[in-house]
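Coordinate analysis (summary)
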Amino acid sequence: MKIAMIGTGYVGLVSGVCFSDFGHEVVCVDNNPAKVEMLERGELPIYEPGLDTLMAKNVEAGRLTFTGDLAAAIDGADAVFIAVGTPTRRGDGHADLTYVMAAAEQIAKAAKHHVVIVTKSTVPVGTNRQVRETVSAANPDLDFDVASNPEFLREGAAIDDFMKPDRVVVGVETDRAAKVMEEIYRPLYLRDFPIVTTDLESAEMIKYAANAFLATKITFINEIASLCEKVGADVKEVSKGMGLDGRIGKTFLHAGPGYGGSCFPKDTKALARIGQDHASPMQIVESVIKVNEEVKRRMVDKLLDLCGGSFNGKTVAVLGVTFKPNTDDMRDAPSLTIVPALVGGGAKVRVTDPQGKREGEALLPGVEWHDDPYAATSEADLLVLLTEWNEFRALDLSRIAGSMRGKRMADLRNVYTLEDAKAAGFTEYDSIGRVGTGG
Ligand SMILES: NC(=O)c1ccc[n+]([C@@H]2O[C@H](COP(=O)([O-])OP(=O)(O)OC[C@H]3O[C@@H](n4cnc5c(N)ncnc54)[C@H](O)[C@@H]3O)[C@@H](O)[C@H]2O)c1
């Protein structure tokens, strides 16, 4: 199969590279010339473990190329995937479909033969029909099909998720589109990964329902964590005891500083808007959005307590600013709420993150960047463990406490315990959902 992939972000680039590894001929297109130039030089515009090696292998094999020329990319393509961003639209919470519709129009104007136009971006119910109308209006003579193929990969584990998915969801209207999609995903069919073939609307809805459910699960445990702190329970034990129930499952039950990232915040907001538009309010999801904001605010209160009620004049070391480990993605990261609150309150903030600096420098003005956690915490009054990178899981806490001015730690990912902290010489330690602060 010959595939054109429009958009070389976290989803488009990973999907394009993996499809080429399946043996398809893939051309990845981006309208950002700087990204295309980097990719042509063999460099990655994003950080994703393992992607550089897989990309180099498929470029070398002649199956994977990059271009800024969309028309050239779709010439001869059996399928063209739209994998552009669908951020929250300013003002109303809807998914902004500007990039999707612009791509659809560009495809319509450039296509000269039958093609399946596949939406991989996360889009509200009805968008694929809108894509069909847009393409028909722009090129009434074009023979084409549309398909919905939402993506479920997680940044940081994206290649594994793409190559060994829990399921692939394909929404189609015609047998012809179904056959093309089956051919594209043949390597996964052959290895018995479940492929859910359905109508366009159900495919679109599956993606939002899945993300909203996961955001709900995280938010549920975050709210339980808050209550645990009040009643003297340990949320880690509670999660374990709950998660062992097969009906519940143990994933997405880790209490933390609130969900963030490129998907959950925008997808929950978009689903809430879809519900409102159809007079079928998503009351649970609306609560989740509200509670998640409260969770992030509660983190700031925790830090304020550890700083004796004021950040002014304090030196705070923040370990990890990306929204989760193993990515450089900063979109809607809890750090974007917490760090500005520290800076705004008059703290001197020192930051360290294995991959976050490239994006983070512009997003977190007024902070000092350090290359490692030991340099960042030296002479600090408070250590905040915000993203649980592996690098931060086995710190020499005694060395850190010994070099700090105030020996206080806010462990917002429950990596350590009060006992660990006390043994290392910390006088105050707070975490999530556990009775913590103590000297
Ligand atoms: N990031 C994730 O973990 C993830 C997971 C599942 C689904 N999704 C969904 O996938 C979609 C893409 O997300 P992302 O994180 O990869 O976005 P991204 O912002 O990282 O990348 C989008 C890319 O598309 C390019 N682009 C935009 N319009 C274009 C056009 N007309 N022609 C060519 N290139 C164009 C941009 O330059 C950019 O490089 C979103 O809808 C998102 O919700 C993301």
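Everything below is about the structure shown above.
Scope of this entry: the structure provided in the associated data block. Just so it is clear, the structure is predicted and the values come from calculations on it, not from any experiment. (Residues numbered from 1 in each chain as written. Predicted model: local features only at pLDDT ≥ 70, side-chain atom pairs only at ≥ 80, totals over all residues. Heavy atoms only, no water.)

Structural notes on the overall build of the chain
So the rule is basically this: The helix count covers DSSP runs of H or I at least four residues long, the strand count covers runs of E at least two residues long, and both are numbered beginning at the N terminus. This radius of gyration counts C-alpha atoms alone. The globule rule is 2.2 Å times how many residues there are, raised to the power 0.38. Contact definition: two residues touch when any of their heavy atoms are within 4.5 Å. We score Asp and Glu as negative and Lys and Arg as positive, and we do not count His or the chain ends. Where a charge sits is defined by one atom per residue type, namely NZ (Lys), CZ (Arg), CG (Asp) or CD (Glu).
Counting its secondary structure elements, the chain contains 18 helices and 14 strands. Taken over C-alpha atoms, the radius of gyration comes to 23 Å for the chain, in line with the 22 Å a tight globule of 439 residues would show. Along the first, second and third principal axes, the C-alpha atoms of the chain reach 75 × 50 × 40 Å. Taking all contacts inside the chain whose residues are at least 6 apart in sequence as the whole, residues at least 24 apart take part in 72%. Mean positive and mean negative side-chain charge positions of the chain (49 and 63 charges, respectively) differ by 4 Å.

Some details on empty space enclosed by the protein
Here is the rule we go by: Lining residues are those with an atom within 4 Å of a point, where the points come from a 1 Å grid over the protein atoms alone and group into cavities, where a 1.4 Å probe fits but cannot get out, or pockets, open sets with protein on both sides within 12 Å along at least five of seven lines. Grid points are joined across faces, edges and corners, and a volume is the space filled by probe spheres set on the points. Any residue that is not Ala, Val, Leu, Ile, Met, Phe, Trp, Tyr, Cys, Pro, Asp, Glu, Lys or Arg is counted as polar, Gly included; the first ten are nonpolar and the last four charged.
A full pass over the atoms with the stated rule returns one cavity of 30 Å³ or more. Looking at the largest cavity, its volume works out to about 30 Å³. Lining the largest cavity are Thr119, Ser121, Thr122, Val123, Ser148, Pro150, Glu204 and Lys207. Of the residues that constitute the lining of the largest cavity, the class distribution is two nonpolar, four polar and two charged.

A short note on the site of the ligand
What counts here: Whether a residue is near a molecule or strand depends on its heavy atoms: it is near if one of them lies within 4 Å of it. Polar contact is defined as a pair of N or O atoms within 3.5 Å, subject to the rule that within protein one atom must be able to donate a hydrogen and the other to accept it, and that residues adjacent in sequence are counted only when both atoms are side-chain atoms. Areas reported here follow the Shrake-Rupley algorithm with a probe of radius 1.4 Å; residue values treat only the protein chains shown as occluding. Segmentation of the chain into domains, including their bounds, is taken from an automatic or database domain assignment.
Lining the immediate surroundings of the ligand are 26 residues, of which Asp30, Lys35, Thr86, Glu155 and Lys266 lie closest. A distance of 2.6 Å is found between an oxygen atom of the ligand and a side-chain nitrogen or oxygen belonging to Asp30. The separation between an oxygen atom of the ligand and a polar side-chain atom of Arg331 is 2.8 Å. Within the complex, 90% of the 840 Å² of free accessible area of the ligand lies under protein. Across the shell around the ligand, the residue classes tally to eight nonpolar, eleven polar and seven charged. Mapped onto the domain boundaries, the shell around the ligand takes at least three residues apiece from domain 1 (2–198) and domain 2 (199–439).

Side note on the side chain of Ser148
Structurally, Ser148 is set in strand E6 (residues 144–148). In this view, Ser148 contacts Thr119, Asn128, Val169, Val170, Gly171, Leu200, Ala203 and Glu204; residues no more than four positions away in its chain are not counted.

Overview of the pairing of strand E9 (residues 315–319)
Counted only if it meets this: Accessible area is worked out with a 1.4 Å probe on protein chains only. A residue is then buried under 20% of its type maximum, exposed over 50%, and partly exposed in between. Pairing between strands is defined by DSSP: at least two bridges between the two strands are required. Throughout, right-handed denotes a crossover for which the path from the first strand over the helix to the second runs clockwise when the strands point away from the viewer.
Taken across its five residues, E9 has five buried, putting it largely inside the fold. Residues of E9 alternate between two faces, with Thr315, Ala317 and Leu319 on one and Val316 and Val318 on the opposite face, all of them buried. As paired elements, E9 and strand E10 (residues 348–352) share five bridges and run parallel to each other. Bridging across to E10, Leu319 finds its partner in Thr352. In this region the chain leaves E9, passes through helix H14 (residues 335–344) and returns to the parallel neighbour E10; the handedness of that crossover is right-handed. As paired elements, E9 and strand E12 (residues 382–385) share four bridges and run parallel to each other. By the bridge assignment for E12, Val316 is matched with Leu382.

Description of unusual backbone geometry
The phi torsion at Asp192 lies on the positive side, around 65°, for a residue other than glycine. In this structure, Asp192 sits in the loop between helix H9 (186–190) and strand E8 (195–198). Not every positive phi belongs to a glycine, and Asp332 is a case in point at roughly 55°. Mapping Asp332 onto the fold places it in the loop between E9 and H14. For Asp332, a relative accessible area of 36% corresponds to the partly exposed category.

Focus: the sheet that holds strand E3 (residues 64–67)
What links the strands of a sheet is backbone hydrogen bonding, and the strands pair in either a parallel or an antiparallel sense. Here is the rule we go by: Throughout, an axis means a line fitted to C-alpha atoms (over the contacting stretch in the case of helices), and angles, computed between N-to-C directions, take values from 0 to 180 degrees.
With respect to topology, eight strands assemble into an open sheet ordered E3-E2-E1-E4-E5-E6-E7-E8, the strand pairing being mixed. On the outer flanks of this sheet lie E3 and E8, each paired with one strand and no other. Between one strand axis and the next, the sheet turns by 25° as a mean value, whatever way the strands run. As paired elements, strand E2 (residues 25–29) and E3 share four bridges and run parallel to each other. Within E3, the position partnered with Val29 by the bridge is Thr67. The strands that helix H10 (residues 200–231) touches are E6, strand E7 (168–172) and E8; relative to E7, the one it contacts most, it runs at about 145°.

Points about the environment of Ala272
On the secondary structure map, Ala272 appears in helix H12 (residues 264–277). On the basis of relative accessibility, which here comes to 6%, the residue Ala272 falls in the buried class. With 52 residues separating them in the primary sequence, Ala272 and Lys324 have C-alpha atoms 24 Å apart. Setting aside its immediate chain neighbours within four residues, Ala272 contacts Met282, Glu286 and Ile289.

Digging into the packing of aromatic side chains
Both the distance between ring centres and the angle between the ring planes are used here to describe each pair of aromatic rings. The cut-off we apply is this: Two rings from Phe, Tyr or Trp (for Trp, the six-membered ring) form a pair when their centres sit within 6.5 Å of each other. Planes less than 30 degrees apart are called stacked, planes more than 60 degrees apart edge-to-face, and all others tilted. Ring-over charges, as used throughout, are those where CZ of Arg or NZ of Lys falls within 6 Å of the ring centre and within 35 degrees of the ring normal.
For the structure on display, the rule yields seven aromatic pairs. Ring plane angle 85° and centroid distance 5.2 Å describe the contact between Phe19 and Phe162, whose orientation is recorded as edge-to-face. Here Phe19 is found in helix H1 (residues 10–21), whereas its partner Phe162 is found in helix H7 (residues 158–163), with 143 residues between them in sequence. For Phe19, a relative accessible area of 0% gives the class buried. Residue Phe162 is classed as buried on the basis of its relative accessible area, which comes to 3%. Between Phe252 and Phe264, the ring centres sit 6.2 Å apart and the planes meet at 55°, which makes this aromatic pair tilted. Of the two residues, Phe252 is situated in the loop between helix H11 (235–243) and H12 and Phe264 in helix H12; the sequence distance between them amounts to twelve residues. Ring pairs connect the aromatic residues Phe19, Phe22, Phe81, Phe162 and Tyr185, which therefore count as one cluster. When the ring centre of Phe152 is taken as origin, the NZ or CZ atom of Arg167, which lies over that ring, is 3.6 Å away.

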